[in-house]
Amino acid sequence: MRILLYNPDNGVTRNFMPHLWMFLLQALTPSGHEVLLIDGNAQPMDEAGIARYVREQKIGLVGIGAMTRMIAKAYRIADAIRSVGVPVVMGGPHVTEMPDEALGRDGGTRHADAVALGEADETWPKIVEDAVRGKLKDVYAPVDDFGQERKPTLQPYPTIPWNALDLDQFNIVPKAFYPLLKKVGSGWGTLRIIPVESGRGCPYGCEFCTVTGFFGDSIRFRTNESVVNELLLLKERAKKERGQMAVFFIDDNFAINVKRTKSLLRDIIAANAQVHWVAQISANLLRDEELVDLIAAAGGKWIFIGMESIDPTNLAGVNKGFNKPGEYAAVLERLAQRNVFAITSFIFGMDNDTTGVAERTLQQIRTWPPGLPIFGLLTPLPGTPLYTRLHDAGRLTRVKHWQEFIPFSMAHTPLKMTIPEAHAEVLDGWNRSYSAEAIRKAVDSIDHKPLGYRINIFIARLCFRGIYFPQMGLWAWLKVIAQNRGTIFKLMKEGFTGRPGVLDRIPAHSATRDSASSAD
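Residues numbered from 1 in each chain as written. Predicted model: local features only at pLDDT ≥ 70, side-chain atom pairs only at ≥ 80, totals over all residues. Heavy atoms only, no water.

This brings us to the overall build of the protein chain. From N to C terminus, the protein chain includes 21 helices and 14 strands. Relative to its length of 520 residues, the protein chain is compact, with a C-alpha radius of gyration of 23 Å against a globular reference of 24 Å. The principal-axis extent of the C-alpha atoms belonging to the protein chain is close to 70 × 55 × 50 Å. Counting only residues that meet the buried cut, the protein chain has 52% of its 520 residues in that class. For the protein chain, the share of sequence-separated contacts (at least 6 apart) that also reach a separation of at least 24 residues comes to 72%. Averaged over its 60 positive side-chain charges, the protein chain has a centre that lies 6 Å from the centre of its 56 negative ones. (Helix = DSSP H or I, 4+ residues; strand = E, 2+ residues; numbered from the N terminus. Rg over C-alpha atoms; globule rule 2.2 N^0.38 Å. Buried < 20%, exposed > 50% of the residue type's maximum accessible area, 1.4 Å probe, protein only. Contact = heavy atoms within 4.5 Å. Lys, Arg positive; Asp, Glu negative; His and termini not counted. Charge placed at Lys NZ, Arg CZ, Asp CG, Glu CD.)

See below:
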């Protein structure tokens, strides 16, 4: 049987990274079946296009995974596929919380022939087997003999054959630039950001987060050897292709067990398995100097930190009081000293937010090392304590907001400002952080560092700008480039002419860390 695994586009901007679930289920599919992958962010398809594709490719089963912000698109795609007689199984966080919606049991349209609840590592082979026999069940859930949910241990972990997979759709480099960039340095004809997980689960239980509900608060890890071997496989492929390969560790909190994380990082260094990587780590865990040293030496380049707010009252209100805003500056400086920078995430529209929250937040950000600030609105996702609290209080303005997804639009009324005011604060945060002037200042603020770090900050800022301001077309990119031409010319001039004395201004400990963290 030919199976298609489909991930809908994210509704905001095209993802720069594929989703791991597709590759994982492909590896878990019983032998004798052919599995095709389509990520709607990389290969956009409308309903007619996907229906035509499954007919022409003689697909026998389609699996669709989606988070809440993608679910409306996922349902439309599923409806189109089912209309041509091909069965659809749906899974992911939203479907796990709202299975009756997907199955039409809530009085609405049925979108799926079957749903997979929770982590599908165990249930996917059974789903494929039942589909072959034409006997799909409505619901598949990973439960033990007593009806209790069972979580996969991640040991052993399926081997994803990154060296053999077709990854062309996930190359970030425009095709027109392949021939030229392949000859640059170690080769830039390809650039892919690959999702890798080293563990699952989070014990914190933040009120707005779906992680605890989906993956649970029981933390499970792969073996160090398994992770290291995967990194080596990716590194070898990049070398063979004369391209670039970066990794995003998608663990909900990569350093949740600091002792284990240090062990993994040491093993990565010992095996010379360093690739450039990004990971999500909460600020409280980055107090550990040795951990940050190991992050830098093991190839870590960016850390995603969910700061959420600079107001302790807000943080306590969403069960994230372990974040201490007074520590943010020290955490970011500790990373920057090792040439590791931060993606700092903020949520506006919390219960203690008032107008001017964007400017107050930006005043703090301006005192920190440069990074990638991102701004969003507090969103009550189904199945979270936040959704229940706001629903019970009658504060939801769009009870089923996912049925008509509107990017950066609130679904409830904040306590201390209006919905339009909250929207204006988010826009203000993005405008001020990603203007040409702000990008120039971010680049200039690390003028004492080697050129590569400033180029890294510059390119990352341009790419992250696209999260809020769409720049998916050629003309949009040309406009952005024109706006930032001053910074581009400055960086290009230095690249061609060099700048004597730069290395002399790098502290000895930073130079050592640079050498260790960029070994590949």
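Now that the structure has been shown, the text picks up again.
What follows covers the sheet that holds strand 7 (residues 191-196). Taken in spatial order, the six strands make up an open sheet running 7-10-11-12-13-14, and their pairing is parallel. Across the chains shown, the open sheet's two edge strands, defined by having one partner strand only, are strand 7 and strand 14 (372-377). Averaged over all pairs of adjacent strands, the angle between strand axes in this sheet comes to 20°, irrespective of strand direction. (Pairing = 2+ DSSP bridges. Axes fitted to C-alpha atoms, helices over the stretch in contact; angles between N-to-C directions.)

The subject of this paragraph is the nonpolar core. Grouped together as the largest cluster of nonpolar side chains are 108 residues, with contacts concentrated most on Trp 277 and Ile 305. In terms of residues, this core owes the most to one element, helix 18 (residues 451-465), which gives seven residues. Discounting chain neighbours no more than four positions away, the residues touching Ile 305 are Ile 281, Ala 283, Leu 286, Val 331, Leu 332, Leu 335, Ala 342, Ile 343, Thr 344 and Ser 345. One finds Ile 59, Ile 64, Ala 102 and Tyr 387 within the second-largest nonpolar core, a separate group that totals 40 residues. (Core = buried A, V, L, I, M, F, W, Y, C linked by side-chain atoms within 4.5 Å.)

The next thing to look at is the environment of Gly 49. Within the secondary structure, Gly 49 is located in helix 2 (residues 47-56). Spatially, the C-alpha atoms of Gly 49 and Ala 80 are 9.1 Å apart, while their sequence positions differ by 31 residues.

Two numbers describe how helix 14 (residues 357-365) lies on helix 16 (residues 419-433): the axes approach to 8 Å, and their chain directions differ by 35°. Pair helix 14 / helix 16 crosses with right-handed handedness. For the pair helix 14 and helix 16, contact is made by Val 357, Ala 358, Glu 359 and Leu 362 and by Glu 425, Asp 428, Gly 429, Arg 432 and Ser 433, respectively. Considering only residue class, the contact of helix 14 with helix 16 consists of three nonpolar, two polar and four charged. (Left-handed = near helix turned anticlockwise from the far one by under 90°. Nonpolar A, V, L, I, M, F, W, Y, C, P; charged D, E, K, R; others polar.)

Turning our attention to the pairing of strand 4 (residues 88-91). Remember that side chains alternate between the two faces of the sheet whenever the strand is regular. Here strand 4 shows two buried faces, one formed by Val 88 and Met 90 and the other by Val 89 and Gly 91. Sheet topology places strand 3 (residues 61-65) next to strand 4; four bridges connect them, and they run parallel. What sits directly across from Val 62, in strand 4, is Val 88. Once the chain exits strand 3 it traverses helix 3 (residues 71-82) before rejoining the sheet at strand 4, and the crossover so formed is right-handed. (Right-handed = clockwise from strand over helix to strand, strands pointing away.)

Position of His 412 relative to the elements: it lies in the loop between helix 15 (385-392) and helix 16. Ignoring any residue separated from it by four or fewer positions in sequence, one finds His 412 in contact with Gly 349, Leu 378, Pro 380, Leu 390, Arg 395, Leu 396, Thr 397 and Ile 419.

Okay, the packing of helix 18 against helix 19 (residues 474-483) next. At a closest axis distance of 12 Å, the pairing of helix 18 and helix 19 adopts a crossing angle of 135°. In terms of their interaxial angle, helix 18 and helix 19 are classed as oblique. For the pair helix 18 and helix 19, the crossing hand works out as right-handed. On the side of helix 18, the interface is formed by Leu 462, Cys 463 and Arg 465, while helix 19 contributes Trp 477, Val 480 and Gln 483. Looking at the contact of helix 18 with helix 19 residue by residue, the class counts come to four nonpolar, one polar and one charged. (Parallel < 35°, antiparallel > 145°, perpendicular 65-115°, else oblique.)

Before going further, it helps to spend a moment on helix 18. When the terminal C-alpha atoms of helix 18 are compared, their 21 Å separation across 15 residues agrees well with the 21 Å that a helix rising 1.5 Å per residue should span. Of all the positions in helix 18, only Leu 451, Tyr 453, Arg 454, Ile 457, Phe 458, Ala 460, Arg 461, Leu 462, Phe 464 and Arg 465 are classed as buried. (Expected span 1.5 Å × (residues − 1).)

The next subject is the sheet that holds strand 4. The strand order across the open sheet built from six strands is 2-1-3-4-5-6, with neighbouring strands paired in parallel fashion. With one partner strand each, in any of the chains shown, strand 2 (34-39) and strand 6 (139-140) form the two edges of the open sheet. Relative to strand 5 (residues 114-116), strand 4 runs parallel, the two being bridged by three bridges. Looking at the pairing, Gly 91 lines up with Ala 116 of strand 5. In the packing of helix 2 onto the sheet, contacts are made with strand 1 (2-7), strand 2 and strand 3, and the angle to strand 1 comes to roughly 160°.

With that settled, consider a nonpolar patch on the surface. There is a patch of nonpolar side chains on the surface, built from Leu 474, Trp 475, Leu 478 and Ile 481 and spanning about 470 Å² of accessible area. Within the element layout of this structure, Ile 481 appears in helix 19. (Patch = residues over 30% accessible without salt bridge, like charges linked within 9 Å, V, L, I, M, F, W, Y side chains within 5 Å. Areas by Shrake-Rupley, 256 points an atom, 1.4 Å probe, with all protein chains shown as cover. Salt bridge = Lys/Arg side-chain N within 4 Å of Asp/Glu carboxyl O.)

Further remarks concern helix 3. The end-to-end C-alpha distance of helix 3, which contains twelve residues, comes to 16 Å, matching closely the 16 Å that a straight helix rising 1.5 Å per residue would cover. The buried fraction of helix 3 amounts to nine of the twelve residues, a majority that puts the element mostly inside the structure. Within helix 3, burial applies to Ile 71, Ala 72, Lys 73, Ala 74, Tyr 75, Ile 77, Ala 78, Ala 80 and Ile 81. Among the structural elements, strand 1, helix 2, strand 3, strand 4, helix 4 (93-97) and helix 5 (99-103) are those in contact with the buried residues of helix 3.

A word on the pairing of strand 14. For strand 14, the tally of buried residues reaches six of six residues, placing the bulk of the element in the interior. With burial as the criterion, each face of strand 14 is covered, one bearing Leu 372, Ile 374 and Gly 376 and the other bearing Pro 373, Phe 375 and Leu 377. A crossover connection joins strand 13 (residues 341-348) to the parallel strand 14 through helix 14; in handedness this β-α-β unit is right-handed.

Attention now goes to the pattern of salt bridges. For the structure on display, the rule yields 41 salt bridges. We note a salt bridge from Arg 82 to Asp 113, for which the minimum N-O separation is 3.0 Å. Of this pair, Arg 82 sits in helix 3 while Asp 113 sits in the loop between helix 5 and strand 5, placing them 31 residues apart in sequence. Residue class for Arg 82 comes out partly exposed when judged on its relative accessible area of 26%. Overall, the relative accessible area of 22% leaves Asp 113 in the partly exposed class. Measuring nitrogen to oxygen at the nearest pair gives 2.5 Å for the salt bridge that ties Glu 119 to Arg 200. Of this pair, Glu 119 sits in the loop between strand 5 and helix 6 (124-132) while Arg 200 sits in strand 8 (residues 199-200), placing them 81 residues apart in sequence. One network of salt bridges, in which partners are shared, links Glu 119, Asp 121, Glu 149, Lys 151, Glu 197, Arg 200 and Arg 220.

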